[in-house]
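Chain and residue survey
Spelled out from the first residue to the last, the chains are:
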Amino acid sequence: MDIGVISMRYARALLKSATDQKQEDAVYQEMMTVAKSYLDVPALRHTIDNPMLSKDKKETLLIVAAGEKPCQLTKAFIALVLKEDRENVMQFMANSYITLYRKQKNVIRGKLITAARVSAQTEQKMRQMVESKTNGTVEFETEVNPDIIGGFILEYDTFRMDASVKSKLNNILNTLKK
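All values derive from a computational prediction rather than experimental measurement. (Residues numbered from 1 in each chain as written. Predicted model: local features only at pLDDT ≥ 70, side-chain atom pairs only at ≥ 80, totals over all residues. Heavy atoms only, no water.)

Notes on the overall build of the protein chain
- Scanning the protein chain for helices and strands turns up eight helices and four strands.
- The linear arrangement of helices and strands in the protein chain, starting from the amino end, is α-α-α-α-α-α-β-α-β-β-β-α.
- What you see for the protein chain is a C-alpha radius of gyration of 21 Å, clearly larger than the 16 Å of a compact globule of 178 residues, by over 25%.
- The principal-axis extents of the C-alpha atoms in the protein chain amount to approximately 65 × 35 × 30 Å.
- Within the protein chain, the proportion of its 178 residues that are buried is 36%.
- Within the protein chain, counting contacts between residues at least 6 apart in sequence, those at least 24 apart form 67% of the total.
- Approximately 11,000 Å² of the protein chain is accessible, and the part contributed by carbon and sulfur atoms is 54%. (Helix = DSSP H or I, 4+ residues; strand = E, 2+ residues; numbered from the N terminus. Rg over C-alpha atoms; globule rule 2.2 N^0.38 Å. Buried < 20%, exposed > 50% of the residue type's maximum accessible area, 1.4 Å probe, protein only. Contact = heavy atoms within 4.5 Å. Areas by Shrake-Rupley, 256 points an atom, 1.4 Å probe, with all protein chains shown as cover.)

What to know about the packing of helix H1 (residues 3-20) against helix H5 (residues 72-83)
- Viewed as axis vectors pointing N to C, H1 and H5 meet at an angle of 155 degrees, and their least axial separation amounts to 11 Å. Classified by the angle between their axes, H1 and H5 sit roughly antiparallel to one another. Here H1 and H5 pass one another in a crossing that is right-handed. Touching Tyr 10, Leu 14, Ser 17 and Ala 18 of H1 are Leu 73, Phe 77, Leu 80 and Val 81, all from H5.
- Here the residues of the contact of H1 with H5 sort into seven nonpolar, one polar and no charged. (Axes fitted to C-alpha atoms, helices over the stretch in contact; angles between N-to-C directions. Parallel < 35°, antiparallel > 145°, perpendicular 65-115°, else oblique. Left-handed = near helix turned anticlockwise from the far one by under 90°. Nonpolar A, V, L, I, M, F, W, Y, C, P; charged D, E, K, R; others polar.)

Digging into the side chain of Glu 30
- The residue Glu 30 is located in helix H2 (residues 24-40) in this model.
- Buried and without a salt bridge, Glu 30 has Lys 75 as its closest oppositely charged side chain, separated by 8.7 Å.
- Aside from chain neighbours lying at most four places away, what touches Glu 30 is Ala 66, Lys 69, Pro 70, Cys 71 and Thr 74. (Lys, Arg positive; Asp, Glu negative; His and termini not counted. Salt bridge = Lys/Arg side-chain N within 4 Å of Asp/Glu carboxyl O.)

Considering the pattern of salt bridges
- Across all of its chains, the model carries 14 salt bridges by this definition.
- Glu 141 serves as the salt-bridge partner of Arg 109, at 3.2 Å between the closest nitrogen and oxygen. Of the two residues, Arg 109 sits in strand E1 (residues 107-114) while Glu 141 sits in strand E2 (residues 137-144), which places them 32 residues apart along the sequence.
- Note on Arg 109: relative accessible area 41%, which makes it partly exposed.
- Linked by salt bridges that have partners in common, Lys 55, Lys 58, Asp 85 and Glu 87 make up one network.

Quick notes on empty space enclosed by the protein
- Summed over the entire model, instances satisfying the criterion amount to one cavity of 30 Å³ or more.
- Its boundaries defined by the atoms lining it, the largest cavity holds a volume of some 50 Å³.
- Together, Thr 114, Ala 116, Arg 117, Val 118, Glu 123, Thr 142, Glu 143 and Val 144 line the largest cavity.
- Per-element accounting of the lining of the largest cavity gives the leading share, three residues, to E2.
- Of the residues in the lining of the largest cavity, the class split is three nonpolar, two polar and three charged. (1 Å grid on protein atoms, 1.4 Å probe; cavity = no way out; pocket = protein on both sides within 12 Å on 5 of 7 lines; lining within 4 Å. Points joined across faces, edges and corners; volume = space filled by probe spheres on them.)

These results come straight from atomic positions and should not be treated as a statement about function.
This is how it looks when you write it as structure tokens:
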């Protein structure tokens, strides 16, 4: 069976169960932690996929990968995944849950890139501007990149606003070349 279909089915079931128990936010944070654990520790995937490792040890590893104290629903979900021998798809299930949760809650990811650190007040104004445009909640990430010289680059959903000095200088240079 297709990994995408499997991961989506499990993620849908987990989201429905979490929503029914009003724990979808906690499970979302834990699935984000699981997904981040897979990215930060590439050996986790190889370890979980290892058929020689017992189910108990895999369960312990996945519970640790979910954060300090995962909720009972997350623990039960991990146990179910292991019982059904689907642990090799766990990373995809976590990512599918994150996608479904964001769609259900209208959560948009946004990113602000600046040349220098911005104040919390400026960051909040940018977040509010994006939220007003999208009518949703924004998970905002800020990044400092001195290469853009000045200004900012704002990205969210499929929108990108490049108001950096570097891009303006490049535009002037391209105009002069013509």
